[in-house]
Amino acid sequence: MITLPVASQKTSHVRMTLNGEQVDVSFAPYKTLLEVLREDLGHTGTKHGCELGECGACAVLLDGKPVLSCLVLGVECDSRNVLTVEGLGLEGTLHPLQDAFADLGAAQCGYCTPAILVTAKSLLDQHPHATRDQIRAALSGVLCRCTGYLQIFEAVESAMVKIAQQNGSAR
Amino acid sequence: MMRLPLFEFRAPRTLDEAARILDGQGPNTMPLAGGTDLLPNMKRRQQVPRTLMSLRYVEGLNQVQWSDSASRLGACLTLTDVAEDPRFRNGMTALSQAAALVATPHIRNMATLGGNLCLDTRCNYYDQNYEWRKAIDFCLKKDGTICWVAPGSRKCVAVSSTDTAPALIALGARVRLVSRSGEREVTLSELYNNDGINYIRRRPDEILVEVLLDSLHGWKSSYWKLRRRGSFDFPVLSVAAAARLSRQAVVEDARIVVGSAASRPLVADGASKFLLGRSLNSETIAEAAGLAARIAKPLDNTDFDMTWRKRVTAEFVTYALRELRGDDMHVERGSLTRHSFE
Amino acid sequence: MPIQKDSPERPAKDSPASAGEFRVIGVPRRRVDARAKVTGQTRFADDIFLPRIAHCKLLRSPHPHARIRKIDTSRALAHPGVYLVLTGKDLPIEYGILPVSQDEQALCLDHVRHVGDPIAAVIAREELTAFEALDLIDVDYEILATISDPEEALATPEPRIHEYGEEGNIHKRVALEFGDVEKSFAEADEIFEDIFFYQGSTHLPIEQHAAVAIKDPEGKLTIWSSTQTPHYLHRALAKVLQMPPAHIRVSATPNGGGFGGKSDPFNHEIVVAKAALLLDRPVKICLTREEVFYCHRGRHPVLMKFKTGVKKDGAITGMHLQTLIDGGGYGSYGVASTFYTGALQTTTYHIPRYRFEGCRTFTNKPPCGPKRGHGTVQPRFGQEVQLDKIAEKLKIDPADLRLRIVESPNTVTANYLRLSTVNLSECIRRVVKTSDWKEKFRKLPEGRGVGLACSAYLTGAGLAIYWNKMPQSGVQLKLDRGGGVAIFCGATEIGQGSDDVLAGIVAEVLGIDTFDIRLFTGDTDLGPVDLGSYSSRVTIMAGNAALQAAERARELLAEAVAIRLEVPKERLRFAEKSVFDSAAPEKRVPFHEAVCLAEARFGTIGTVGSYTPPKSPALYKGGGVGPSPTYSYTAAVIEVAVNPLTGWITVPKIWIAHDIGRPLNPPLVRGQVEGSVYMGLGEALMEEQEFRRLPKKLSHALVHKFPSMLEYKSPTSLDMPEVVTELVEEPDPRGPFGAKEVGQGPLLPIMPAVANAVYDAIGVRIDEVPITPEKIVKALAEKRAGRDPRYGPSHFPHVDWPEALRVPPPWEGGDGNAVNDVPRHSKPRPEKEKVLSS
Ligand SMILES: Cc1cc2nc3c(=O)[nH]c(=O)nc-3n(C[C@H](O)[C@H](O)[C@H](O)COP(=O)(O)OP(=O)(O)OC[C@H]3O[C@@H](n4cnc5c(N)ncnc54)[C@H](O)[C@@H]3O)c2cc1C
Ligand code: SF4
Ligand code: FES
Ligand code: FES
């Protein structure tokens, strides 16, 4: 059962799964997921560059799919599953995407990086053998002003190879 | 950080309950679907409903029903659902292409079909923050007394900027609207007015529940969109074309729709009629393109120069018709939209 | 060549660190701040949340030009949740980045100069409350005439946007002549005259400017801000708040992109500082995207006229350049920008005589300033497109033409810029080869074409923004007993990798890993001054300072270790976290032990290094803009496809070669090249800082046409072409390990190369940027009508130019002074600084 809060209440309350962990959070009811994450949950890894859906810097995975947290109401996140950059790594190790981005110059100022990383993760979850065109298209919802994107594409490709190897050796 | 204004939030579970919430509220209560149009508008204080009614929890709005004679597409299907489902190809290719060309992958994951059809009209004197609009003393569409695009005009000429509406009109779609007082079915092309303020004939208490399509067996369709970049940008001109071709490639039925060139999608009746009984050779295409382009009346309130937008309309109609004929349009697709639709 | 006391200027091969191969420098390496960035832990300014924090919003002028008669803030102050409202009266002291244009107020006192000029500030518990309270401030304005562009500014001396400047609404006029240019035209076989327009554009860092200020526990001020220039902000705060600088700490948080847009001290920074002091609680501001467009300081729109004389073989006899510059509402870096529009023309090709006139006007728009390539991008566009026209007329391949006239290394140019290494020819040869230029130029089918262009850029501005004799950059090192090394430096990380430069250099010299290093940068309390991340100065200046500090530390360690190992100091090597005898590598001590030995011998080990650029031979007034320790060079070939019916233009591929000196960390260098290409392509094809003047009969409004990320078109991942990047390596004796700049130079050739490629593709000239389908279609219509197949400006308005300062070039007996001005140095220049003339 979802108990949906009403905005006339001073604060709203939701329970969601954030990076694999169940969290309860209270917040001002007008807030979007972006504001709830950053201001009420202390997860400042998710960035913002416009708050109007025009830059993609605020991307997170909501139930596995990349969405713009600046256009999702906090009150609509009850019972949902949110993944942010803080939840990418596993038990102290970096996700292969994070490693590749760090090594291959895919993060310059690093401001678009959290959004690009979670977006790329969702792509690779669905398409473990994504083509360059698929990568280009999947990332076309996040602007990067620093890199010119090419090193980002290469980092995604390099991570893809590494993930495939890991999966191969795990079997 | 741009913040939303305060609002009441309602989350009905059933259509009945939803209809009851909207009843008698007028524009003070607005349905919220994906929120990708309404929430930015609220942050910019273009629309300030007192109550938001979420459609997310209303049962049955995100389903597709297929049958041989007709299909029903739930209003809350996301554009990703539409763009990625291979069943929306062949006859419905235009819809699939239109959905795939909306905004960005992230937005398509949130944006709904119903929201796209109800999308507010756009104008670059209007899609601005509150402070900016204050600097031009506002305009007719919101809080002001003059239209800056056409200062002599009594009417707002903001632009219909939905991608899927032209495609669905070309496919002959109807929509089902439900309110407390009952429900009605409207041909999609009848849903719109050529008026930037009263652009839609949906009453504020009505919920767009589904899109209905008759069988498109034997039809082919295509959608072309003009925008500056490979993603993010709204259409500033679009052409949807659908046709049923005989074995000999003679046009038996056709509909051409020009989008983003007025406050509503424009049905190019003249051009569509002209095609009947003809085969899609270069002369026919050129003639039809000329006829269709004539109805486009772009104004200076979007990206790109308006005379140029007018000028290239015929070219876009040509692309659409050539694609229907079966030409390989890879290169043009790639260069115009950076999408190849493999 | 002058040897400066504090600048380790020597050929890289002499550096003991390079005796063997490098282990850090030049090796592809994870940058030091990468982990923080990929885990989302980098703390940008808006990521700072503190207990009791209050939020600030600014009320901005809705009028482009007005006087403020009265402000009433009482209703806003009474609004629940509002803590404080500030107006101009609270911060009346003027400031500005340049000493010559202290023309800004944190909150306008009585005169607003563009839509978006801040008037009042509301500080409240919630940002939403502060925003809503803005509407409760009542302002009474007296509307003044709107001045929307330079021509209007020239024609409208009154009302003045500022009370200072040359006259009327002319901010700055300059005229310089290096040799008799008229005579050079008389000697030419052909004379070319072209007018170009370069549209303004903005930086659009994805991070919006943000700042948080606190009154710290001792009662002093600390401000964290997304700034590229903490030192200059520090000075501005001291001035406006009238506080001793010692009581102000500025900490530049890592910038989420800067590109020059965060290089001025900003009103919002000063406002939150004041508010924090008054309220004694943390105050934060984060600008909205629209407000970032109002801060602007971006690319100046420039109208320019080039007159160039050439010989039949392509040799340039002389050039006369005039620029008319739209400055917007404030000075910002504008005086420097004005000089920059004429400064670097001489650095790429040999121009024996050169005349430059520039004029910057005030207009009622957000102020322009430095954007990547500051002031040199616009005239570079004109120069490279004109050169393409010259090549066409002379029937010489444009690549060959350029190769004939490239300026020589170690030269002093007509305007007294001293060049060091110049590898432009090699850059041209590389792109000609990789792009298959000879098979493509004028040979591709109709609608496809290639274009070539070149450029040069500063490796750090030779002079500070305020006159002083101190170094431009300083570094302190602290070595601890555990083998850790801390670097303290004012340099600011804006994404370009400045932290990594410092760490890489120190690690190389001391033979340790960059992971052993801790960085304290961009903080005015913690590190010595570095002037900031602008003019591509950090690698060479902070880098050389770090090199000097590290070498001094190594010296101390070597002395102590030499005694312990009983080997001559000169034989010691620092590598693999050890210090060892290069003749007998098994004789070694671990690095941390070396530190302990040194500490036992000399006391606590800390060293300093600093860097002052070499003195410039340009002694004339205005000669302070343009000199640099060395210049980077770039060449690019771009392929375009143009649809002849719609004018639709796409760029499938770009080949670029950059004269880098030596890449310190290769993936970062490539990233700077590709990032520059990206930004250049945006300017070439779609980006515009455009304004809308409403019909004059109905309104005085002049607004930014679309201050949003949606309508300001920054290319997406789908719009980025394939780029082939080549690095040309010849270590420059002035760069640390031979490195030159890379953050800005590679942007410059992109726009002209696109324009030249469009001509190759469909035979029309687009003499302005952005190059859009609409303009191409118009030019094609001209072509079909048998007229000049061109789109671009056709006239350059009359400007009352001042008498030019006449500076004879070095080869005409000049000494760097103007003959019609008081000489700057009465005595002849010292022997060691003698000017090399070609
Ligand atoms: C950066 C950006 C780029 C964009 N680019 C494009 C583009 O290229 N093409 C394009 O077409 N759109 C574009 N959009 C607009 C928007 O994302 C889409 O139109 C989207 O489909 C809207 O759907 P939604 O579900 O998000 O609508 P919402 O924002 O939830 O609603 C939009 C409007 O429709 C009403 N509404 C929604 N659903 C119903 C319903 N079932 N019954 C009755 N009324 C309803 C709402 O009350 C509101 O008035 C863009 C938006 C952004 C922010
Ligand atoms: S068309 Fe006119 S009235 Fe309508 S939004 Fe634009 S300026 Fe306003
Ligand atoms: S912050 Fe720009 S899209 Fe959400
Ligand atoms: S790395 Fe700076 S915006 Fe992408």
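Residues numbered from 1 in each chain as written. Chains lettered and ligands numbered in written order. Predicted model: local features only at pLDDT ≥ 70, side-chain atom pairs only at ≥ 80, totals over all residues. Heavy atoms only, no water.

### Describing the overall build of chain C
The following threshold applies: Helix and strand assignments come from DSSP, with helices taken as H or I runs of at least 4 residues and strands as E runs of at least 2, each series counted from the N terminus. The quantity called the radius of gyration is restricted to C-alpha atoms. Its globule counterpart is 2.2 Å times the number of residues to the power 0.38. Here the term buried applies to any residue with accessible area under 20% of the maximum for its type, exposed to any over 50%, and partly exposed to those in between, with areas from a 1.4 Å probe on protein chains only. In short, Shrake-Rupley with a 1.4 Å probe defines the accessible areas, and a residue's cover is counted only from the protein chains shown. Neither His nor the chain ends contribute to the count of charged residues, in which Lys and Arg are positive and Asp and Glu negative. Where a charge lies is defined by one atom per residue type: Lys uses NZ, Arg uses CZ, Asp uses CG and Glu uses CD.
Of the regular secondary structure elements, chain C holds 19 helices and 32 strands. What you see for chain C is a C-alpha radius of gyration of 27 Å, in line with the 28 Å of a compact globule of 838 residues. With the principal axes as the frame, chain C shows a C-alpha extent of 85 × 75 × 60 Å. Per-residue burial over chain C gives 70% buried out of 838 residues. With the model as given, the accessible surface of chain C reaches about 26700 Å², and the carbon-plus-sulfur share is 51%. The positive charge centre, built from 102 side chains, and the negative charge centre, built from 105, are 1 Å apart in chain C.

### Let's talk about the site of ligand 2
Quick note on the threshold: The rule for a residue being near a molecule or strand is that one of its heavy atoms must lie within 4 Å of it. Put simply, Ala, Val, Leu, Ile, Met, Phe, Trp, Tyr, Cys and Pro go in the nonpolar bin, Asp, Glu, Lys and Arg in the charged bin, and everything else, Gly too, in the polar bin.
Neighbouring residues of ligand 2: C123, Y125, Y126, C139, L140, K141, C147, W148, V149, C156, V157 and A158 of chain B. Of the residues belonging to the shell around ligand 2, the class tally is 11 nonpolar, no polar and one charged.

### A look at the packing of aromatic side chains
All names here are of chain B. To keep it simple, the criterion reads: Each Phe, Tyr or Trp ring (for Trp, its six-membered ring) is paired with any other whose centre lies within 6.5 Å, and the angle between the two planes then decides the class: stacked below 30 degrees, edge-to-face above 60, tilted in between. Charges are assigned to positions over rings by a cutoff of 6 Å between ring centre and Lys NZ or Arg CZ, combined with an angular limit of 35 degrees from the ring normal.
Under the criterion given, the structure shown has 22 aromatic pairs over all chains. Look at F304 and W308: their rings are 4.8 Å apart centre to centre, the planes differ by 35°, and that puts the pair in the tilted class. Across the pair, W308 and F304 agree in class, each one buried. Just above the ring of F274 sits the side chain of R278; from NZ or CZ to the centre is 4.0 Å.

### Things to note about the site of ligand 1
The test is simple: Whenever two N or O atoms come within 3.5 Å, that pair is a polar contact, provided that in protein one can donate a hydrogen and the other can accept it, and provided that, for residues adjacent in sequence, both atoms are side-chain atoms.
As a structural note, the neighbourhood of ligand 1 is formed by 38 residues, with P31, G34, T36, T112 and D163 of chain B the closest of them. Mapping the residues adjacent to ligand 1 onto the chains of the assembly identifies chains A, B and C. The contact in question runs from an oxygen atom of ligand 1 to an N or O atom on the side chain of T36 of chain B, over 2.6 Å. Within the backbone of L208 of chain B, one N or O atom sits 2.8 Å away from a nitrogen atom of ligand 1. Of all elements in the fold, only β2 (29–32), α6 (113–118) and β8 (207–214) of chain B reach the threshold of two or more residues within the shell around ligand 1. Sorting elements by how many residues they give to the shell around ligand 1 places α6 of chain B first, with four residues. Each residue belonging to the shell around ligand 1 can be placed in one class, and the counts come to 21 nonpolar, 10 polar and seven charged.

### Digging into the interface of chain A and chain C
Which entries qualify depends on this criterion: Whether two residues are in contact is decided by their heavy atoms, any of which lying within 4.5 Å being enough. When two components associate, each loses some accessible surface as probed by a 1.4 Å sphere; the sum of these losses over both components is called the buried area. When a carboxyl oxygen of Asp or Glu is within 4 Å of a side-chain nitrogen of Lys or Arg, the pair counts as a salt bridge.
Each partner contributes residues to the interface: chain A has 45 residues there, and chain C has 52 residues. Carbon and sulfur atoms supply 55% of the area buried between chain A and chain C, which totals about 4000 Å² over both sides. Summed over the shared surface of chain A and chain C, the number is seven salt bridges. Among the salt bridges present, the one from R38 of chain A reaches D47 of chain C, with a minimum N-O distance of 2.8 Å. If you look at where chain A meets chain C, you find 29 residue pairs in polar contact (both at pLDDT 80 or more). Counting only elements with at least two residues in the side of chain A that touches chain C, the list comes to α1 (33–40), α2 (96–103), α3 (113–126), α4 (132–138) and α5 (150–170) of chain A. Here the side of chain A that touches chain C takes five residues from α2 of chain A, the largest share from any one element. For the side of chain A that touches chain C, the class distribution of residues is 22 nonpolar, 12 polar and 11 charged.

### A look at the domain arrangement of chain C
Residues and elements named next belong to chain C. Just so we agree on the cut-off: The domain limits used here are those given by an automatic or database domain assignment.
Along its sequence, chain C is carved into domain 1 (12–30 + 478–611), domain 2 (54–144 + 206–257 + 262–295) and domain 3 (302–463 + 619–791). The C-alpha-based centres of domain 1 and domain 2 are spaced at 40 Å. With 16 residues of domain 1 at the contact, the number on the domain 2 side is 17 residues. Where domain 1 abuts domain 2, roughly 1200 Å² becomes buried across the two surfaces, and 50% of that area is made up of carbon and sulfur atoms. Three residues, I494, T524 and L531, lead the burial of domain 1 against domain 2; their summed loss comes to 37% of the area buried on that side. The tally of links between domain 1 and domain 2 comes to one salt bridge. Across the domain 1-domain 2 interface, the total number found is six residue pairs in polar contact (both at pLDDT 80 or more). Across the side of domain 1 that touches domain 2, the residue classes tally to five nonpolar, seven polar and four charged.

### Structural notes on the pattern of salt bridges
Across all of its chains, the model carries 105 salt bridges over all chains by this definition. With its nearest N and O atoms 2.8 Å apart, the salt bridge here joins D163 of chain B to K225 of chain B. Highlighted residues: D163 of chain B in the loop between α7 (130–135) and α8 (164–170) and K225 of chain B in strand β9 (residues 219–226), separated in sequence by 62 residues. Each member of the pair, D163 of chain B as well as K225 of chain B, carries the same accessibility label: buried. Here D767 of chain C ties to K389 of chain C by a salt bridge, and the two come within 2.7 Å at their closest N and O atoms. Note that D767 of chain C is positioned in the loop between β29 (765–766) and β30 (768–769) and K389 of chain C in helix α10 (residues 377–394), a separation of 378 residues in sequence. Taking the relative accessible area as the measure of exposure, K389 of chain C reaches 14% and is therefore buried. Because the salt bridges share partners, they merge into one network encompassing K31, E35, E39 and D40 of chain A, R3 of chain B together with E127 of chain C.

### Details of empty space enclosed by the protein
Empty space among the atoms can be located by rolling a probe the size of a water molecule over them. What counts here: Think of a 1 Å grid over just the protein atoms. A cavity is a set of points where a 1.4 Å probe fits yet cannot get out, a pocket is an open set with protein on both sides within 12 Å along at least five of seven lines, and lining residues have an atom within 4 Å of a point. Grid points are joined across faces, edges and corners, and a volume is the space filled by probe spheres set on the points.
In this structure the tally under the stated criterion is 16 cavities of 30 Å³ or more. In terms of lining, the largest cavity is formed by 24 residues, of which the most central are R122, F234, T302 and D303 of chain B together with E711 of chain C. Its residues placed into classes, the lining of the largest cavity shows eight nonpolar, six polar and 10 charged.

### Description of the interface of chain B and chain A
Each side of the interface is counted separately: chain B has 32 residues, and chain A has 40 residues. Overall, the association of chain B and chain A removes approximately 3100 Å² of surface from exposure, summing both partners, and the carbon and sulfur fraction of that is 62%. Summed over the three residues of chain B that lose the most area to chain A, namely M1, F9 and H106 of chain B, the buried surface amounts to 22% of that side. One salt bridge in this structure joins E39 of chain A and R3 of chain B, with 2.9 Å as the shortest N-O distance. Of all the secondary structure elements, the ones that give two or more residues to the side of chain B that touches chain A are β1 (8–10), α2 (38–43), β3 (51–54) and α5 (105–110) of chain B. Here the side of chain B that touches chain A gets five residues from one element, more than from any other, and that element is α5 of chain B. Looking at the side of chain B that touches chain A residue by residue, the classes come out as 17 nonpolar, eight polar and seven charged.

### Some remarks on the pairing of strand β8 (residues 190–198) of chain C
Residues and elements named next belong to chain C. Filter applied, for reference: For two strands to be treated as a pair, DSSP must find no fewer than two bridges joining them.
Strand direction decides the pairing type here: β8 and strand β13 (residues 302–310), joined by nine bridges, are antiparallel. In the strand pairing of β13, E193 is matched with K307. Two strands pair when backbone bridges link them, and β8 and β30 are joined in this way by two bridges, in the parallel orientation. Note that in β30 the partner of F197 across the bridge is E768.

### A look at α3 of chain A
All names here are of chain A. Formally: One fewer than the residue count of a helix, multiplied by 1.5 Å, yields its expected span.
Helix length check: α3 (14 residues) gives 20 Å between terminal C-alpha atoms against 20 Å at 1.5 Å per residue, within 8%. α3 sits mainly inside the fold: 12 of its 14 residues count as buried. For α3, the set of buried residues is T113, P114, A115, I116, L117, V118, T119, A120, K121, S122, L123 and L124.

### Examining the sheet that holds strand β4 (residues 65–68) of chain A
Strand pairing in a sheet relies on backbone hydrogen bonds, with the paired strands running either antiparallel or parallel. Residue and element names in this part refer to chain A. Spelled out, the test is: Axis geometry follows a simple rule: fit a line to the C-alpha atoms, using only the stretch in contact for helices, then measure angles between N-to-C directions, giving values from 0 to 180 degrees.
Spatial ordering of the open sheet is given by β2-β1-β5-β3-β4, a layout of five strands whose pairing is mixed. Because the sheet does not close on itself, it has two edges, and the strands there are β2 (21–27) and β4. Adjacent strand axes in the sheet meet at a mean angle of 40°, parallel and antiparallel pairs treated alike. Summarising the sheet, strand β1 (residues 12–18) and strand β5 (residues 81–83) pair through two bridges and their orientation is parallel. Across the sheet, T17 pairs through a bridge with N81, a residue of β5. The strands touched by α1 are β1, β2, β3 (59–62) and β5; relative to β2, the strand with the most contacts, the crossing angle is about 95°. Set on the sheet, α3 makes contact with β3, β4 and β5; between it and β3 the angle comes to about 35°.

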